[in-house]
Amino acid sequence: MRERKRDERTPVLQMVFHGAIASAIGIAVGLAIDWFPEGASTQAGPIDTLWDVLIVVSVPIFVTVSIIVLFSVRNFGMRPGEENLDGPPIHGNTRLEIVWTAIPAIILVALCTYAYVVLVDIEEAQANEMRINVVGQQFTWTFEYPQAGGKPVRSQQLYLPQDRPVRFYVKSLDVIHDFWVPAFRMKVDAVPGIETRYRVTPDRRGTYPVVCAELCGLGHAFMRVNAHVVSPQAFKSWLTKQKQPAQGASAEGEAPDGKALFAEGNGDATACGACHTLADAGTNASIGPDLDEALPGQDAAAIKASIVKPNAELSDGFQAGVMPPNYGDTLSPEELDALVEYLGEVAGK
Amino acid sequence: MKLRAPGFPRAGLFTALGVAFSYALILAVRGAYGYDPLLKGEAVLELSLIAAPLFFLVGLGAFDYWFRWASGAPTIPEEHSSHGAHSWRDYFKVNTDHKVIGIQYVVTSFFFLMVGGVLAMLMRAELAQPGRQFVDANTFNGLFSVHASILIFLFIIPVFAGLANYVLPLMIGAPDMAFPRLNALSFWMLPLAGLMMILSFFAPGGSFASGWTAYAPLSTTAPEGQVFFTIGVQFAGASSIATALNFLVTIITMRAPGMSFFRMPLLVWANFSTSLLVVIATPFVAASQFFVLFDRALGFNFFQSTNGGDVLMYQHVFWFYSHPAVYIMMLPGFGIISEVLAVKSRKPIFGYRMMAFSLLAIVALGFTVWAHHMFVSGMQDWIRIPMMITTAIIAVPTGIKIFSWLATLWRGVLHLDTPMLFALGFLSMFTLGGISGVMLAMIPVTIHVSDTYFIVAHIHYVLFGGSLLTIFAGVYYWFPKMTGRMYDEKLGKLHFWTTFIFFNATFAPMHLIGVQGMPRRVADYAEQFGNWNLFISIASFFVGLSTLIFVYNMVSSWRGGPRAVANPWRALTLEWQVSSPPPIFNFDAVPTVVGGPYEYGVPGAVHGIFGPARPADVPTPAGAPAPAESPKE
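Residues numbered from 1 in each chain as written. Chains lettered and ligands numbered in written order. Predicted model: local features only at pLDDT ≥ 70, side-chain atom pairs only at ≥ 80, totals over all residues. Heavy atoms only, no water.

Caption draft 1: Quick peek at the overall build of chain A. Broken down by element type, chain A carries 10 helices and 12 strands. Computed over the C-alpha atoms, the radius of gyration of chain A is 30 Å, more than 25% above the 20 Å expected from 2.2 N^0.38 for a compact globule of 349 residues. Judged by the C-alpha coordinates and their principal axes, chain A covers about 95 × 50 × 35 Å. Going through the 349 residues of chain A one by one, you find that 48% of them count as buried. (Helix = DSSP H or I, 4+ residues; strand = E, 2+ residues; numbered from the N terminus. Rg over C-alpha atoms; globule rule 2.2 N^0.38 Å. Buried < 20%, exposed > 50% of the residue type's maximum accessible area, 1.4 Å probe, protein only.)

Caption draft 2: Highlighting the packing of aromatic side chains. Under the defined criterion, the tally for this structure stands at 82 aromatic pairs over all chains. Seen from their ring centres, Tyr145(A) and Trp238(A) are 5.2 Å apart, and the 70° between their planes marks the pair as edge-to-face. Residue Tyr145(A) is located in strand β2 (residues 140-145), and its partner Trp238(A) is located in helix α4 (residues 232-243); the two are separated by 93 residues in the primary sequence. With respect to burial, Tyr145(A) and Trp238(A) carry one shared label: buried. The interplanar angle of 45° and the centroid separation of 4.5 Å between the aromatic rings of Phe291(B) and Phe302(B) together place this pair among those described as tilted. Placement of Phe291(B) in helix α9 (residues 266-298) and of Phe302(B) in the loop between α9 and α10 (311-328) is noted, with a sequence separation of 11 residues between them. Look at Phe302(B) and you get partly exposed, because its relative accessible area is 26%. In this structure, Lys187(A) packs its charged tip against the face of Trp180(A), placed 4.2 Å from the ring centre. (Phe/Tyr/Trp six-rings, centres within 6.5 Å; stacked < 30°, edge-to-face > 60°. Lys NZ or Arg CZ within 6 Å of the ring centre and 35° of its normal.)

Caption draft 3: Here's a closer look at the domain arrangement of chain B. Residue and element names in this part refer to chain B. Split by domain assignment, chain B resolves into domain 1 (8-67) and domain 2 (93-560). Listed per partner, the contact involves 16 residues of domain 1 and 16 residues of domain 2. Regarding the contact of domain 1 and domain 2, the summed buried area is about 1500 Å², with carbon and sulfur atoms giving 84% of it. On the domain 1 side of the interface with domain 2, the three residues burying the most area are Glu46, Leu49 and Trp66, jointly 35% of the side's total. Where domain 1 touches domain 2, the interface holds zero salt bridges. Looking at the side of domain 1 that touches domain 2, the elements that each hand over two or more residues are α2 (41-60) and α3 (64-70). With 10 residues, the single largest contributor to the side of domain 1 that touches domain 2 is α2. By residue class, the composition of the side of domain 1 that touches domain 2 is 13 nonpolar, one polar and two charged. (Domains from an automatic or database assignment. Contact = heavy atoms within 4.5 Å. Buried area = accessible area lost by both parts, 1.4 Å probe. Salt bridge = Lys/Arg side-chain N within 4 Å of Asp/Glu carboxyl O. Nonpolar A, V, L, I, M, F, W, Y, C, P; charged D, E, K, R; others polar.)

Caption draft 4: Highlighting the sheet that holds strand β7 (residues 186-190) of chain A. All names here are of chain A. Read from one edge of the open sheet, five strands run β4-β10-β9-β6-β7, paired in mixed fashion. Strands at the two margins of the open sheet, each flanked by one partner only, are β4 (158-161) and β7. Direction aside, neighbouring strands of the sheet carry axes that sit 25° apart on average. The pairing of strand β6 (residues 177-181) with strand β9 (residues 206-212) spans two bridges and is antiparallel. (Pairing = 2+ DSSP bridges. Axes fitted to C-alpha atoms, helices over the stretch in contact; angles between N-to-C directions.)

Caption draft 5: Structural detail: the pairing of β9(A). Two strands pair when backbone bridges link them, and β9(A) and strand β10 (residues 224-230) of chain A are joined in this way by six bridges, in the antiparallel orientation. By the bridge assignment for β10(A), Val210(A) is matched with Val225(A).

Caption draft 6: Layout of the pairing of β2(A). Residues and elements named next belong to chain A. Where burial is concerned, most of β2 is hidden: six out of the six residues are buried. Across the two faces of β2 the burial is the same, with Thr140, Thr142 and Glu144 and Trp141, Phe143 and Tyr145 all buried. For strand β1 (residues 130-137) and β2, the ladder comprises five bridges, and the chain directions are antiparallel. In the strand pairing of β2, valine 135 is matched with threonine 142. Where β1 folds back on β2, the antiparallel hairpin that results is connected by two residues. Summarising the sheet, β2 and strand β3 (residues 153-155) pair through three bridges and their orientation is antiparallel. Each bridged residue has a counterpart across the sheet, and for glutamate 144 the counterpart in β3 is arginine 154.

Caption draft 7: Quick look at the nonpolar core. Counting residues in each nonpolar core, the largest one holds 277 residues, and the members touching the most others are Phe168(A) and Phe179(A). No other element matches helix α5 (residues 137-171) of chain B, which puts 24 residues into this core. Excluding residues within four positions of it along the chain, Phe179(A) makes contact with Val134(A), Trp141(A), Phe143(A), Leu158(A), Phe168(A), Val170(A), Met186(A), Lys187(A), Val188(A), Tyr198(A), Val210(A) and Val211(A). If you look at the next biggest cluster of nonpolar residues, it comprises 19 residues, including Ala269(A), Ile307(A), Tyr342(A) and Leu343(A). (Core = buried A, V, L, I, M, F, W, Y, C linked by side-chain atoms within 4.5 Å.)

Caption draft 8: Spotlight on the environment of Val200(A). Residues and elements named next belong to chain A. Looking at the element boundaries, valine 200 is found in strand β8 (residues 196-200). Along the backbone, valine 200 and alanine 22 are 178 residues apart, and their C-alpha atoms lie at a distance of 38 Å. In contact with valine 200, not counting residues within four places along its chain, are Ser41, Gln43, Arg164, Pro165, Val166, Phe168, Phe184 and Met186.

Caption draft 9: Main features of the pattern of salt bridges. All names here are of chain B. Tallied over the full model, the rule gives 17 salt bridges over all chains. A salt bridge links lysine 93 to aspartate 90; the nearest nitrogen and oxygen atoms lie 3.5 Å apart. With a relative accessible area of 46%, lysine 93 lands in the partly exposed category. With relative accessibility at 12%, the residue aspartate 90 sits in the buried group.

Caption draft 10: Summary view of the interface of chain A and chain B. Contacts between the two partners involve 90 residues from chain A and, on the opposite side, 90 residues from chain B. Around 7400 Å² of area is buried between chain A and chain B when both sides are counted, 72% of it from carbon and sulfur atoms. A per-residue breakdown of the area chain A buries against chain B is headed by Trp100(A), Lys187(A) and Leu215(A), which together make up 9% of the total. Note that Arg346(B) and Asp86(A) form a salt bridge whose closest N and O atoms lie 2.9 Å from each other. Counting across the interface, chain A meets chain B through 17 residue pairs in polar contact (both at pLDDT 80 or more). Of all the secondary structure elements, the ones that give two or more residues to the side of chain A that touches chain B are α1 (12-32), α2 (44-76), α3 (94-123), β6, β7 and β9 of chain A. Among the elements that line the side of chain A that touches chain B, the one with the most residues is α3(A), at 16 residues. Taken together, the residues of the side of chain A that touches chain B sort by class into 56 nonpolar, 19 polar and 15 charged. (Polar contact = N/O pair within 3.5 Å; in protein donor to acceptor, adjacent residues only side chain to side chain.)

Caption draft 11: Representation of the sheet that holds strand β5 (residues 166-172) of chain A in the model. Residue and element names in this part refer to chain A. If you walk across this open sheet you meet the five strands as β3-β2-β1-β5-β8, and the pairing is mixed. Among the strands making up the open sheet, the edge pair consists of β3 and β8. For this sheet, the mean angle separating the axes of adjacent strands, direction not counted, is 25°. In the sheet, β5 pairs with β8 via five bridges, with the strands oriented antiparallel. Following the sheet pairing, valine 170 is matched in β8 by threonine 196. With respect to the sheet, α4 is in contact with β1, β2 and β3, its orientation differing from that of β3 by roughly 100°.

Caption draft 12: Geometry of helix α15 (residues 418-441) of chain B. With 24 residues, α15(B) extends 34 Å from end C-alpha to end C-alpha; this agrees with the ideal 34 Å at 1.5 Å per step. For α15(B), the buried fraction is high: 22 of the 24 residues fall into the buried class. (Expected span 1.5 Å × (residues − 1).)

Caption draft 13: Representation of the side chain of Ser404(B) within the structure. Relative to the helices and strands, Ser404(B) resides in helix α14 (residues 395-409). A polar side-chain atom of Ser404(B) sits 2.7 Å from the main-chain carbonyl oxygen of Ile400(B). Ser404(B) has contacts with Trp100(A), Phe350(B) and Met355(B), leaving out every residue within four places of it along the chain.

Caption draft 14: Quick peek at the packing of α15(B) against helix α18 (residues 489-516) of chain B. All names here are of chain B. The geometry of α15 relative to α18 is characterised by a closest axis approach of 9 Å and an angle of 10° between their N-to-C directions. In terms of orientation, α15 and α18 fall into the roughly parallel class. Here α15 contributes Thr418, Leu421, Phe422, Gly425, Ser428, Met429 and Ser436 to the contact with α18, which in turn contributes Glu489, Gly492, Lys493, His495, Phe496, Trp497, Phe500, Phe503, Asn504 and His511. Residue composition of the contact of α15 with α18, grouped by class: seven nonpolar, eight polar and two charged. (Parallel < 35°, antiparallel > 145°, perpendicular 65-115°, else oblique.)

Caption draft 15: Quick look at the environment of Ala300(A). Assignment of secondary structure puts Ala300(A) in helix α8 (residues 300-308). Here Ala300(A) falls in the partly exposed class, since its relative accessible area comes to 45%.

Caption draft 16: Seen up close, the side chain of Thr96(B). By secondary structure assignment, the location of Thr96(B) is in the loop between α3 and α4 (98-127). Setting aside residues no more than four positions away along its own chain, Thr96(B) makes contact with Ser82(B), His83(B), Ile101(B), Asp176(B), Pro180(B) and Arg181(B).

Caption draft 17: View of the state of the cysteines. All names here are of chain A. Applying the stated criterion across every chain, the model contains zero disulfides over all chains. No disulfide involves cysteine 212; its nearest neighbouring cysteine sulfur is the one of cysteine 216, lying 3.9 Å away. By relative accessible area, cysteine 212 is classed as buried at 0%. (Disulfide = S-S within 2.5 Å.)

Okay, structure coming up:
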């Protein structure tokens, strides 16, 4: 109950000094860290800047709390002989309480205002927007490029011309997915029953991962394709090539390699080996049935049916809807035949 | 085996009856509609999951008194044979003593903490390297789903209810909770809910694997394991609601003479606020899961968009509970910190009234921010703006609390023992969780980082760096009161430092890999995140090991620690003015409250006195009698 007799000179100046140094170091480190993946859209800049501002504001707040805790421990920690002492009975200080209510409120309102300005900026409509429909399904993406007066061009890979504003119209065929290109900084859920949208303007050429960010089932981690940002000329020629009938592609080259298709896919369809184990092709995934066990004894017709209509007949312990049902579309007939032929050989071994 | 008396044998028999009842009802209904096949395993399972636990509770004896009363059979209102614990066996019975129930709650919750922790270790083992090592994708999705569900519904929420169950009636000078039998029932629903979630791993198709959020339509089309979550949540939620009602009535009606609202310890204020949140919000999560159950079991189309269902509605209903749930998991911790900091700094809480009002402000604002979980869900764009503002503004009352605690430390005499270390650790770590929370309020940031490891980092800084550290502080702080023994201070400090260091090593890097683009809830990830994940996994195993120090300390100290005096911390609140552990009805004489709860440093100040004239500032200094073995009567 007695008050202690100790040098009560409050070390406020010292704390401000240490706090300022710690904040400066913290901010420097916070800004030096390479937080984001390389930005590839005009949306990335404002978001990355907002992030930096948040770092600059946040570090001093954390430093303030930590410094007060640390100095309290150092200066006011109980020493031998003080076991029965009490601190001074300070019950509060209205002025101080108003200050630490008002200042955070002002900072927060300012940050919200800034964030709102950034939001309006990154979502602003642009002239000459290109529409792309994005369709999510377990566990793949399909991108549709509507063509005036014709069938839309469909692709399993996302191709975008540099510096052309794009608006994605996102849908889902089954459960919720999320269409995210980390390099663009933007994402939105693909929701069954409604169409969601967002805009980006890709501004850097390159290949960037497209990630499904909403848990969508067994293959969620593998629901990945690539976004290719290419020059407008390259985009145009890609689009033209896509418009030609599918056999055009394989007619010009040699016959497709079934084993390579199994292990690596064709750039459009997800590789079989991403989900299936097959020793001959050197894959060891376990999303779908182990083909070393399931394959032997199957004939070509059964193999083809399992690829094109995966839900018609299921292996024990596997549910319907795990395997994308669109391999009949994403593989050309030649590729499908090559794959069936290859698997038939393995099955016969 | 006494099958007619309440207890586990009868409960087992009744559980079997419950399953039989489910078979009979399904056969009868399917027969009446002429469905083929007549017996459907899924239907029986779903009904059994609801019926068997209820039958179990009846068999255990949780309803005996009410049944007797309702049927007009003689009851003994003042019968106390189910009060107090005389041996460890009494903890496995339906007991109406709030102190026994409190310990039942805390021990059960910590059992589930261990289960949830082991699941986390398994996840981190898989994530240590890219590619697949130990578990397949389905098991992995199950691991994180059950991990989160158990730690939220079976650890954090009930452990706070358990601590408050023990100390809250003591703090307000009450002999027990307002509804002791309801209290017992609320406890016994919990192990059933937890067991259900664990057993889901044995369900056909594996455990529930759609996350603790169970978003439709993934959850409505998932294998049977999903219903173990859907129904388990109902029992955990019902338990939570019943306890909250009990707390509200106890606090409002059973305070000792002189205990005005503004003389209540802040732990009582915190549980008052929490209970308001629980009573208003928890029915929403129950509803969301019933919708899922109806979609699955009865072919409703709440969430089937092809039949007019609305997928986003699930998320709105779910988060209307699950955001306030974050405060349900934090406000009681705020209460614990206020107790520990005032006592261990030997100073009054700075700005007591603002501390109480800020709790109520958080309750009110907590209901206005739920859609910040849905910034990228595809809901109407305009809703994001008000939700951003309210989400940011809720940091103001939280900030008031942080600054008031810091001011409480200032110029105190800081006793830096284990509860205090955890309290100070909480102050700094929770501030980090709050800061990342404000960053997440900013819509453009959230658009990029939602569903990434940044979210995982944020939630663990709030729930581990926030809630769990306050839970450890509270358990160490009241351990002498609850067990009558002192814990080992050296082991306690070792526990703090290992937890604090490896907690940060585990979760701090997650901020970075999240912003860099690693999504959450994936068993496999891009090679570039490999090194950080290995580092995180190794650190997380040390977090797991540090918990073993805690368990060893608790078990060995409870069995053979030095006897605790009535008031080892020289605290003023009422629970410390009675023996450790307290007498069977808490107070031999009704206390009268004559001042504030935190008048440290005020010469001669007391909070409560026993009897009109006798000042209570001379509590029994001698060692209290052994805990369970020697009841007063």
